[in-house]
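Topology and contacts: notes
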Amino acid sequence: MARRKKIYEGKAKTLFEGPEPGTIVQYFKDDATAFNAEKRDVIEGKGVLNNMLSEFFMTGLSNIGVPNHFIRRLNMREQLVRACEIIPLEVIVRNFAAGSLSKRLGIEEGTPLPRPIIEYCYKDDKLGDPLVAEEHIAAFGWASQQDMDDIVSLALRVNDFMSGVLYGVGIKLVDFKIEIGRVYEGDFQRLIVADEISPDSCRLWDMETGQKLDKDVFRRDLGSLTDAYSEVAKRLGVMPKGATPMKPTLIN
Ligand code: TMP
């Protein structure tokens, strides 16, 4: 069998050329990093959980008409996705203060925000993904004004969908990060949600206890990351009770 071509290796995922033109195989690794990879570890089972959770969220988004890159899951660690040109921005949506917002503005973590706040970071590991303003995005040509309108609309639709789905299983969506890709269709181009949506890129708090069920468990040394992600997966019905991410039982 011919060895497939690696296109890109990131901190948590590797991308390979897909079987048909315009497709990519996205492989979820077990590697966990934080603070621009200053802290790193390998957490057995994380890749499997994120693959399945991202499938769950992206499929749900497709079902309500929010365009995204997901085509289908291939196996426990891989999914087939649509190739796109990633806009070099991390789009962050916040419903409650936490993390860098709390630090920057001195707002206590957990404080409800008056409205969802969207922030942008420039995707550049060497610079540590700095926060940027729309002025920078326009001036440096990373996205047009039309793109920005579309990005805000996508981000808010993802926020409403995710907040609702997670609320239904007793989880508060504090904030999250998405990435946006550009696809070309004939003479037209449009923007789609790309990358992944998983507890690596969200803050998820248990509604009752406030327990953290996301990557802050790793960033802040709060216990077992796979236990936290498995809890999210079990509540969403992505993995039945009793299954483990190392030996998952699929329910579809
Ligand atoms: P922050 O509070 O550290 O800026 O993070 C905001 C959200 O973005 C949070 O849900 C975690 C997510 N995030 C990523 O997905 N990747 C990153 O590199 C960082 C720093 C945050």
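Here, every reference points to the structure presented above.
Cut-offs applied
Residues numbered from 1 in each chain as written. Predicted model: local features only at pLDDT ≥ 70, side-chain atom pairs only at ≥ 80, totals over all residues. Heavy atoms only, no water. Helix = DSSP H or I, 4+ residues; strand = E, 2+ residues; numbered from the N terminus. Rg over C-alpha atoms; globule rule 2.2 N^0.38 Å. Buried < 20%, exposed > 50% of the residue type's maximum accessible area, 1.4 Å probe, protein only. Salt bridge = Lys/Arg side-chain N within 4 Å of Asp/Glu carboxyl O. Pairing = 2+ DSSP bridges. Axes fitted to C-alpha atoms, helices over the stretch in contact; angles between N-to-C directions. Contact = heavy atoms within 4.5 Å. Near = heavy atom within 4 Å. Polar contact = N/O pair within 3.5 Å; in protein donor to acceptor, adjacent residues only side chain to side chain. Areas by Shrake-Rupley, 256 points an atom, 1.4 Å probe, with all protein chains shown as cover. Nonpolar A, V, L, I, M, F, W, Y, C, P; charged D, E, K, R; others polar. Core = buried A, V, L, I, M, F, W, Y, C linked by side-chain atoms within 4.5 Å. Expected span 1.5 Å × (residues − 1).

Counting its secondary structure elements, the protein chain contains six helices and 14 strands. Relative to the globule expectation of 18 Å for 252 residues, the C-alpha radius of gyration of the protein chain, 18 Å, shows essentially globular dimensions. The principal-axis extents of the C-alpha atoms in the protein chain amount to approximately 55 × 50 × 35 Å. Across the 252 residues in the protein chain, those meeting the buried criterion constitute 50%.

This structure, assessed with the given rule, holds 29 salt bridges. In this structure, Glu 55 and Arg 73 form a salt bridge, with 2.7 Å as the shortest nitrogen-oxygen distance. A residue pair is termed long-range when its members are at least 10 positions apart, and Glu 55 in helix α1 (residues 46-63) and Arg 73 in strand β6 (residues 70-73) qualify at 18 residues. A relative accessible area of 17% means that Glu 55 is categorised as buried. A salt bridge links Glu 119 to Arg 94, with the shortest nitrogen-to-oxygen separation between them at 3.0 Å. Separated by 25 residues along the polypeptide, Glu 119 in strand β10 (residues 112-122) and Arg 94 in strand β9 (residues 89-96) bring together distant segments of the chain. One exposure class covers both Glu 119 and Arg 94, and it is buried. One connected set of salt bridges, linked through shared partners, spans Arg 94, Arg 104, Glu 109, Glu 119, Asp 175, Arg 203, Asp 216, Arg 219 and Arg 220.

With that out of the way, let us pick up the environment of Asp 149. Note that Asp 149 resides in helix α4 (residues 145-167). Through-space distance from the C-alpha of Asp 149 to that of Pro 112 is 25 Å; in sequence the pair is 37 residues apart.

Okay, the sheet that holds strand β7 (residues 78-82) next. As summarised here, the arrangement of the five strands in space is β1-β2-β3-β7-β6, forming an open sheet in which the pairing is antiparallel. Each edge of the open sheet is held by one strand with a lone partner, namely β1 (6-9) and β6. Within the sheet, the average angular offset between the axes of one strand and its neighbour, ignoring direction, is 25 degrees. For β6 and β7, the ladder comprises three bridges, and the chain directions are antiparallel. The partner of Arg 73 across the bridge, within β7, is Gln 79. The sheet contacts of α1 involve β3 (23-28), β6 and β7, and relative to β6 the element is tilted by about 135 degrees.

So, about the site of the ligand. Not every one of the 14 residues close to the ligand is listed here, only the nearest: Arg 94, Ser 100, Asp 175, Lys 177 and Arg 203. Take Ser 100: an N or O atom from its side chain is 2.6 Å from an oxygen atom of the ligand. For the ligand, whose free accessible area comes to 450 Å², the fraction covered by protein is 77%. Across the shell around the ligand, the residue classes tally to four nonpolar, three polar and seven charged.

What follows is about the nonpolar core. Val 158, Met 162, Ile 178, Ile 180, Val 193 and Ile 197 are the most contacted members of the largest nonpolar core, which totals 50 residues. Considering each element in turn, this core owes the most residues, eight residues, to α4.

One ladder, built from seven bridges, connects strand β12 (residues 171-185) with strand β13 (residues 188-194); its direction is antiparallel. If you follow Val 183 over to β13, its bridge partner there is Arg 190. Taking the residues that link successive antiparallel strands as the turn, the β12-β13 hairpin has two residues, and the phi of Gly 186 there is positive, at about 60 degrees.

This part takes up α1. Its 18 residues give α1 an end-to-end C-alpha distance of 26 Å, which sits within 8% of 26 Å, the value for a rise of 1.5 Å per residue. Taken across its 18 residues, α1 has 14 buried, putting it largely inside the fold. Within two residues after α1, Gly 65 carries a phi angle of roughly 85 degrees, on the positive side.

It is worth spelling out the side chain of Asp 175 at this point. As for its placement among the helices and strands, Asp 175 is situated in strand β12. In this structure the side chain of Asp 175 is engaged in a polar contact, spanning 3.3 Å, whose partner is the side chain of Arg 94. Apart from the residues within four sequence positions on either side, Asp 175 is in contact with Val 93, Arg 94, Ala 98, Cys 202 and Arg 203.

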